[in-house]
Amino acid sequence: MMRPSLVSPVHGRKRMALAESVLDNLVEVVFQIDCGGNWVFLNQAWLQLTGHIPADSLGKRFIDDVHPDDRAECCALFQSLISRRAGECRHEVRYRHRDDSYRWVEAFARCALDEDGRLAGVAGTLTDVSARKAADDQLRLAASVFTNAGEGIMITSSAGLILDVNAAFETITGYTRAEVLGRSPKLLSSGRQDAAFYADMWRNLDTHDYWQGEIYNRRKSGEAYVERLTITTIRDGAGQPANYVGIFSDITIQKIQAEHLDKIAHYDPLTGLPNRRLLADRLQQAMARSRRDGTGVAVVYVDLDGFKAVNDEHGHEIGDRLLVAIGRRMQLAVRELDTVARIGGDEFVVVIGDIRPPEDCLSLIARLLECVREPAFIEDAQVCVTGSLGVSFYPQDEDINADQLMRQADQAMYRAKDLGKNRYCVFDSAGHRSALDRNSQLEEIERAIAKREFVLHYQPIIDLRTGRLNSVEALVRWMHPERGCLGPGEFLPLIEGHPLTIPLENWILGEALDQHQRWLDAGWDIAVSVNMSGTQLHQRDFVQRLRTALATRPRVDPRRLKLEVLETSALHDIAHVSRTISQCAEFGVSFSLDDFGTGYSSLRYLKQLPARRIKIDQSFVKNMLQDPDDLAILEGVIGMAAAFKRELVAEGVESMAHAKMLIQLGCFLAQGFGIARPMPGERLVEWASGWTLPSSLRGCTALDREHALLLGALVEYRAWTAAVLRQAAAPAPDRVPDAMQDSRMEQWLTAVGAATPDCPAWLRPLLALRDALHAAGAELLASGDDAATDNRSAAAKHFSGLAADFLGMLGAGLESPR
Ligand SMILES: Nc1nc2c(ncn2[C@@H]2O[C@H](COP(=O)(O)OP(=O)(O)OP(=O)(O)O)[C@@H](O)[C@H]2O)c(=O)[nH]1
């Protein structure tokens, strides 16, 4: 049964119009070419395909816009259809667009006949297949890459089963494609990676769709290899993992080379221990860990003692094996996190981390010392060395880096060597700081010498009997650009014993001689004394240098130069210094022993050193008015100087009272603030012309023995009365004896006949006053801590009055004719 038609048929012109509309709405180009190869019909789709309006192309040769490479084939097909007058063909050809690009076109053509059945040409369709062609190319390319890639490629399902692998996979792993399809990549596993490794890999694939790393796998042959692997997650339209693609390359050879290079770069070839470079890295890590968790690090520098002798005695090879043995022992002694490195020759460094208080690791350090000195038995030989170890600790009060820490340990190691080897020394950072300070101060002094910041001042030495200027002492001052004028006490102690004393003293000597010449020019011939240190006098060329200094100043009479040497300065080689003094004496330069009495060997020096002059240290002079002990020393020195026939100078004369007492004791040359302070050279002449002997000193002479005893008694009583008053004012634990131990007084009284039955009448008031003074003293001291303040001050007043009277009476006795 026929189905009823839903549309009514169209005929004639209507049909033609409908056909035209259908043709123009087609996506494909519908065409006809005449037998000469010219376009005779094109629908509207032509515009879309070529950019040309169909009417513009009609009458033109179809072949002209075919890609030159495709023309021959196209012509041949066309000719074949025309000549056969029947048939059809389908092929792909590139056709030029108006914009000069080419589109891939699938052409379908068959012979077209006219109404009379004669051949009219060729008709057919053209379809734009550029997009499909591009996709095909892409696919072909991908397939080619997959097949030909140097990297192994493995595609798995979301379940992790292998879906495909390429040829490189087969080459690298040794498995064929057929052997692995459908299997898990685990078949390659070497077991070298732990579960955590794979867990991390899957975490990355889940969250970042990507993982890259190095992985140790096993080939089919069982051989292990290293691959660098990148895995990418491929997700489906719903965002679920559909596949995993792994791309890997075999990096086994590079890995071996890198490990070899790393070994060479970071390990000592002989012992296999970390070398200096790796040590630096490990130390940095240990310091970082220490900062993180608040623990400490110790750096132990180990240098073998006497290792050269092992080489010399047993040969280099045994030496090598000893180094290996010691390195191994130390490595066994420390924990795994610690580092034992060999940094060269017979030097090792051990970094000990995670220590709590530094003392924590001292037993370990002692063990390292044992590791070194334990004998080693190598080829029938017993080989022994010891080690010197230096230790530094991290952290320290000040910020410190790894290099500094190593240097500190190195320094401490040198100290261990200095102290006799076979021991360890811990770096003393406080000592180091003061050494650093000292270094910078020394540098400053060195600069100051170069910049001529030092000047000399001169202090007169006076003959107290005549008031005449005897000589001057040159005293150095530092005109410091920031701190002003500094006295020698502020910088000389810094350079004591240091080589820097030599240039400074050379300058002082030269400058003093130059000044002497300037005074000569002014018609003033005054002797000058210059201080010389023990360091200077121990110089072998000292005498020669002194001669040269004098020779370059020919107008200076060497006898006008005196050199002062500190009695306390380290005169190690007294015989040498004695020879030096004698040699200088040969050309007129004399010596003084300065600060005499303060050293342990005053008498020895006095006996052995041919110094012409002795200078009594000012500490004895300063207190001689009220300290019987200092007075006794002074008297002793004065006696010795007389016995040894040495000239005597008293230093530290602060007042005319001091000067007077010195005269009375028989010391006539003096210097001190009481006479004149040190002054610049040019002021000295003016000062000397204005200076006269104070009247209190005129006519003053040395005392006879009787008066000298009285002077001693006076000093004793001054000391005692002052002590009693001090004690009364502020009771001290060391109580003053109630009764005066008046030994000098007793000696004097005996000398003047007080003990005889016919005691001189003039003495009686003095003795009575003395008894009263003693009684008042005892009463004052007995008044005790709990006595009423008023009572005590009344008793003190009474005692002071008696003391003044008594001391006045003794003083008057000193003035009495002898
Ligand atoms: N066997 C061997 N000896 C080496 C090696 N490297 C350096 N030396 C020698 O090790 C010695 C190290 O010198 P020193 O540290 O001055 O010798 P030392 O006798 O230990 O001296 P002190 O440290 O002052 O006790 C030198 O004689 C080097 O020739 C080495 O790799 N093998």
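In this convention, every chain numbers its residues from 1, walking through the sequence in written order. Local features in a predicted model are, by the rule used here, given only for residues with pLDDT of at least 70; side-chain atom pairs are given and counted only at 80 or more, and totals for whole chains, interfaces and linings are based on all residues. Hydrogen atoms and water are omitted, and side-chain values are computed over all heavy atoms in the structure.

Asker: What am I meant to see in the overall build of the chain here?
Answerer: Helix and strand content of the chain: 29 helices and 27 strands. A total of 818 residues make up the chain; the buried ones form 44% of that total. Contacts: residue pairs with any heavy atoms within 4.5 Å of one another. Residue pairs at least 24 apart in sequence account for 60% of intrachain contacts in the chain once pairs closer than 6 positions are excluded. Using the Shrake-Rupley algorithm and a 1.4 Å probe, accessible areas are obtained, with residue cover drawn only from the displayed protein chains. Entry remark: accessible area of the chain is about 42,900 Å², with carbon and sulfur atoms responsible for 53%. Every helix listed is a DSSP run of H or I at least four residues long, and every strand listed is a run of E at least two residues long, numbered separately from the N terminus. Accessibility here uses a 1.4 Å probe with only protein chains present; expressed as a share of the type maximum, an area under 20% marks a residue as buried, one over 50% as exposed, and anything in between as partly exposed.

Asker: Any chance you could explain the side chain of Glu227 here in plain terms?
Answerer: Looking at where Glu227 falls in the secondary structure, it is placed in strand β9 (residues 224-235). Neither His nor the chain ends is counted toward charge; the positive residues are Lys and Arg and the negative residues Asp and Glu. By definition here, a salt bridge exists when the distance from a side-chain nitrogen of Lys or Arg to a carboxyl oxygen of Asp or Glu is within 4 Å. Summary of buried charges: Glu227 has no salt-bridge partner, and the nearest side chain of opposite charge, Arg219, is 7.6 Å away. Under this definition, polar contacts are N or O atom pairs within 3.5 Å; protein pairs additionally need one hydrogen-donor-capable and one acceptor-capable atom, and for neighbouring residues in sequence, both atoms have to be side-chain atoms. In this structure the side chain of Glu227 is engaged in a polar contact, spanning 2.9 Å, whose partner is the side chain of Tyr225. Filtering out sequence-adjacent residues up to four positions away, Glu227 remains in contact with Gly213, Glu214, Ile215, Asn217, Phe248, Ser249, Asp250 and Ile251.

Asker: Looking at this structure, how should I read unusual backbone geometry?
Answerer: A negative phi holds for most residues other than glycine; trans holds for most peptide bonds. Backbone torsion omega between Tyr394 and Pro395 reads 0°, so that peptide bond is classified as cis. For Pro395, the location among the structural elements is in the loop between β16 (386-394) and α14 (402-418). In this structure, Asp380 is a non-glycine residue whose phi angle is positive, near 70°. Mapped onto the fold, Asp380 is located in the loop between β14 (376-378) and β15 (381-383). On the basis of relative accessible area, Asp380 is assigned to the exposed category, the value being 87%. Even without a glycine there, the phi angle at Asn422 is positive, about 50°.

Asker: Would you take a moment to explain a nonpolar patch on the surface for this structure?
Answerer: On the surface, Leu18, Val22 and Leu26 cluster together to form a nonpolar patch covering roughly 240 Å² of accessible area. Examined against the element boundaries, Leu26 turns out to sit in the loop between α1 (12-25) and β1 (29-34). Using a relative accessible area of 33% as the deciding quantity, one classes Leu26 as partly exposed. Exposure above 30% relative accessible area and no salt bridge define the residues that can form patches, which grow by joining like charges within 9 Å and nonpolar side chains of Val, Leu, Ile, Met, Phe, Trp and Tyr within 5 Å.

Asker: So what exactly am I meant to see when it comes to the pattern of salt bridges here?
Answerer: Close approach of charged atoms allows side chains of opposite charge to pair. Scanning the model with the defined rule gives 45 salt bridges in all. What you see here is one network of salt bridges that share partners, running through Glu92, Arg132, Lys133 and Asp136.

Asker: Looking at this model, I keep getting lost on the side chain of Thr501. Mind explaining?
Answerer: Among the structural elements, Thr501 can be located in helix α17 (residues 501-521). What Thr501 contacts, discounting residues up to four positions off in sequence, is Ile495, Glu496, Ser533 and Thr535.

Asker: Can you walk me through the sheet that holds strand β12 (residues 339-344) in this structure?
Answerer: Strands in a sheet are paired, the pairing made by backbone hydrogen bonds, and the direction either parallel or antiparallel. Strands were regarded as paired on the criterion that DSSP finds at least two bridges between them. Here five strands make up an open sheet; going across it, the order is β12-β13-β11-β16-β17 and the pairing mixed. Pairing within the sheet leaves two strands with one partner each, and these edge strands are β12 and β17 (423-426). Neighbour-to-neighbour, the strand axes of the sheet open up by a mean angle of 20°, direction not taken into account. Across five bridges, β12 lies against strand β13 (residues 347-355) in antiparallel orientation. Within β13, the residue paired with Ala341 across the bridge is Val349. Between N-to-C directions, angles cover 0 to 180 degrees, with each direction set by a line fitted to C-alpha atoms, over the stretch in contact for helices. Packed on one face of the sheet, helix α13 (residues 362-373) meets β11 (296-305), β13, β16 and β17 and runs near 155° to β16. Sheet strands touched by α14: β11, β13, β16 and β17. Its angle to β16, the strand with the most contacts, is close to 145°.

Asker: Honestly, empty space enclosed by the protein in this entry has me stumped. Any pointers?
Answerer: Rolled over the atoms, a probe with the dimensions of a water molecule shows which regions are left empty. A cavity here means a set of 1 Å grid points, computed over protein atoms only, where a 1.4 Å probe fits but cannot escape. A pocket is an open set with protein on both sides within 12 Å along at least 5 of 7 lines, and lining residues have an atom within 4 Å of a point. Grid points are joined across faces, edges and corners, and a volume is the space filled by probe spheres set on the points. In this structure the tally under the stated criterion is two cavities of 30 Å³ or more. In terms of lining, the largest cavity is formed by 17 residues, of which the most central are Ile33, Phe62, Cys74, His91 and Ala107. Each residue gets one label: Ala, Val, Leu, Ile, Met, Phe, Trp, Tyr, Cys and Pro are nonpolar, Asp, Glu, Lys and Arg are charged, and the others, such as Gly, are polar. Here the residues of the lining of the largest cavity are counted per class, giving 16 nonpolar, one polar and no charged.

Asker: I would appreciate a short explanation of the sheet that holds β1 in the present structure.
Answerer: Taken in spatial order, the five strands make up an open sheet running β2-β1-β5-β4-β3, and their pairing is antiparallel. At either end of the open sheet lies a strand with only one pairing partner, and these are β2 (39-42) and β3 (88-96). On average, each strand axis in the sheet is inclined to that of its neighbour by 30°, with strand direction left out of account. Across the sheet, helix α4 (residues 68-84) touches β1, β3, β4 (102-113) and β5 (119-128), and the angle it forms with β3 is around 150°.

Asker: Help me understand the site of the ligand, please; the structure alone is not making it clear to me.
Answerer: To be near a molecule or strand, a residue needs just one of its heavy atoms within 4 Å of it. Taken together, 16 residues surround the ligand, and among them Gly306, Asn311, Asp320, Arg342 and Lys417 come closest. Between the ligand and Lys308 there is a distance of 3.0 Å, counted from an oxygen atom to a backbone nitrogen or oxygen. One of the side-chain nitrogen or oxygen atoms of Lys417 is found 2.7 Å away from an oxygen atom of the ligand. When the ligand sits alone it has 660 Å² of accessible area, and the protein chains cover 67% of it.

Asker: Mind showing me how you'd approach the pairing of strand β23 (residues 590-596) here?
Answerer: Where a strand is regular, its side chains alternate between the two sheet faces. In terms of burial, β23 is largely enclosed, as seven of its seven residues are buried. Pairing analysis gives five bridges linking strand β22 (residues 561-566) to β23, with the strands arranged parallel. Across the sheet, residue Lys562 finds its bridge partner in β23, namely Ser590. Looking at chain direction, β23 and strand β24 (residues 613-616) are connected through three bridges and run parallel.

Asker: Help me understand the environment of Thr339, please; the structure alone is not making it clear to me.
Answerer: Inspection of the secondary structure puts Thr339 in strand β12. Taking the C-alpha atoms as reference points, Thr339 and Val350, 11 residues apart in sequence, are found 5.5 Å from one another. The residues touching Thr339, leaving out its near neighbours within four places in the chain, are Pro274, Leu279, Arg282, Val349, Val350 and Val351. Polar side-chain contacts of Thr339 include one of 3.4 Å to the side chain of Arg282.

Asker: I tried to follow the layout of surface pockets on my own but got confused; where do I start?
Answerer: Taken as a whole, the second largest pocket holds about 470 Å³ of empty space. Lining of the second largest pocket is provided by 21 residues; of these, Pro185, Lys186, Tyr198, Met201 and Trp202 occupy positions nearest its centre. Of all the secondary-structure elements, those providing two or more residues to the lining of the second largest pocket are β6 (152-157), α8 (195-208), β8 (210-218), β9 and β10 (241-250). Of all the elements, α8 adds the most residues to the lining of the second largest pocket, at four residues. For the lining of the second largest pocket, a count of residues per class yields 13 nonpolar, six polar and two charged.

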